[in-house]
Each structure stands twice: as structure tokens, then as C-alpha cells.
Amino acid sequence: SVSNLNQVCPCGYIVASDTEFTDLNTTELTALKLTISGYRSTTGTLEPGPGNGQGSYWTTTVENPDTAKSVSFDGSSVFLSNNDRSEGQAIRCIKPQ
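Residues numbered from 1 in each chain as written. Predicted model: local features only at pLDDT ≥ 70, side-chain atom pairs only at ≥ 80, totals over all residues. Heavy atoms only, no water.

1. Remarks on the side chain of Ser-56
Just so we agree on the cut-off: In DSSP terms, a helix is any run of H or I states spanning at least four residues, a strand is any run of E spanning at least two, and both are numbered starting from the N terminus. Relative accessibility thresholds used throughout: buried, under 20% of the residue-type maximum; exposed, over 50%; partly exposed, between the two (1.4 Å probe, protein chains only). N or O atoms closer than or at 3.5 Å make up a polar contact, with two conditions inside protein: a donor-capable atom paired with an acceptor-capable one, and, for residues adjacent in sequence, both atoms drawn from side chains.
Mapped onto the elements of the fold, Ser-56 is located in strand β4 (residues 55–62). Given a relative accessible area of 5%, Ser-56 falls into the buried group. A polar atom in the side chain of Ser-56 sits 2.6 Å from the side chain of Gln-89.

As C-alpha cells, this is what we get:
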């Protein structure tokens, strides 16, 4: 039986919180093979990634009813930002530690 029909990750994996993303070291981030992903804006327009060589991913950290934390990854570091929850961004499933 399925306990959570809205779960987007395979069994045993989760979408990371902002703390779980920022706690990963460079080796672990590299192992995730994060890509330079674009996003869907609040108007529905498809946009390129947030900057030169960065990918953007949702976390499970909700700031308020309208915004949630996302992370941008530039190959060696993770940067947090608040984004409108109606944006479409990539996710990355991780195995909890």
C-alpha cells in the first residue's frame, strides 16, 4: 500500500531540507550529479538557470504560505534563497543519513 500518494522520491529517499543540502560536503554534492537546471516562473515562462553555471532545486523547507527555500549549486557551493512556491523548480532525492 502507498502511504503518501504525493511522494515524488523512491522508497527510502527524500527531498532534502535546506539544512540537509547545506550540510553536504563537496564530495557528496558532486556525487549527486546536480545539473544546471532551468525553472518555470510564476507566469509560466520557462527560464534558464539562475546564473552562470548554477542549478536550482527545491527543498522541503517552507518559509510561509507563499515562499519556500530553494538551493542553487555552482559546482562547489550551495546558496539558499526564498522563492515563490508557484515556481516550478527541479528536485533532487537523497538517501537520509
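2. Concerning the state of the cysteines
Linking two cysteines covalently through their sulfur atoms gives a disulfide. Short version of the rule: Defined by distance alone, a disulfide is two cysteine sulfur atoms within 2.5 Å.
Going through the model one piece at a time under the given rule, you end up with one disulfide. Disulfide partner of Cys-9: Cys-93, at an S-S distance of 2.1 Å. On the sign convention where negative is left-handed, the bridge of Cys-9 and Cys-93, at about -90° about the S-S bond, is left-handed. Linking Cys-9 in the segment before β1 (14–15) with Cys-93 in strand β7 (residues 93–94), this pair joins segments that are 84 residues apart in sequence.

3. Some words on the packing of aromatic side chains
Inclusion rule: The aromatic pairing rule takes the rings of Phe, Tyr and Trp, using the six-membered ring of Trp, and pairs them if the centres are within 6.5 Å, calling planes under 30 degrees apart stacked, those over 60 edge-to-face and the rest tilted. Lysine NZ or arginine CZ positioned within 6 Å of the ring centre and within 35 degrees of the ring normal marks a charge as sitting over the ring.
Under the criterion given, the structure shown has zero aromatic pairs. Its guanidinium or amino end placed over the ring of Tyr-13, Lys-95 lies 5.0 Å from that ring's centre, counting from NZ or CZ.

4. Points about the sheet that holds strand β5 (residues 67–73)
Formally: The pairing criterion is simple: DSSP has to find at least two bridges between the two strands. Axes here refer to lines fitted to C-alpha atoms; in helices the fit is confined to the stretch in contact. Angles between the N-to-C directions go from 0 to 180 degrees.
With respect to topology, three strands assemble into an open sheet ordered β4-β5-β6, the strand pairing being antiparallel. The sheet is open, and its two borders are formed by β4 and β6 (78–84), each paired with just one other strand. In this sheet, neighbouring strand axes are inclined to one another by 35° on average, regardless of whether the strands run parallel or antiparallel. Direction of pairing for β4 relative to β5: antiparallel, over a ladder of five bridges. Across the sheet, the residue bridging to Trp-58 is Ser-70, located in β5.

Any link to function would need more than the numbers given here.
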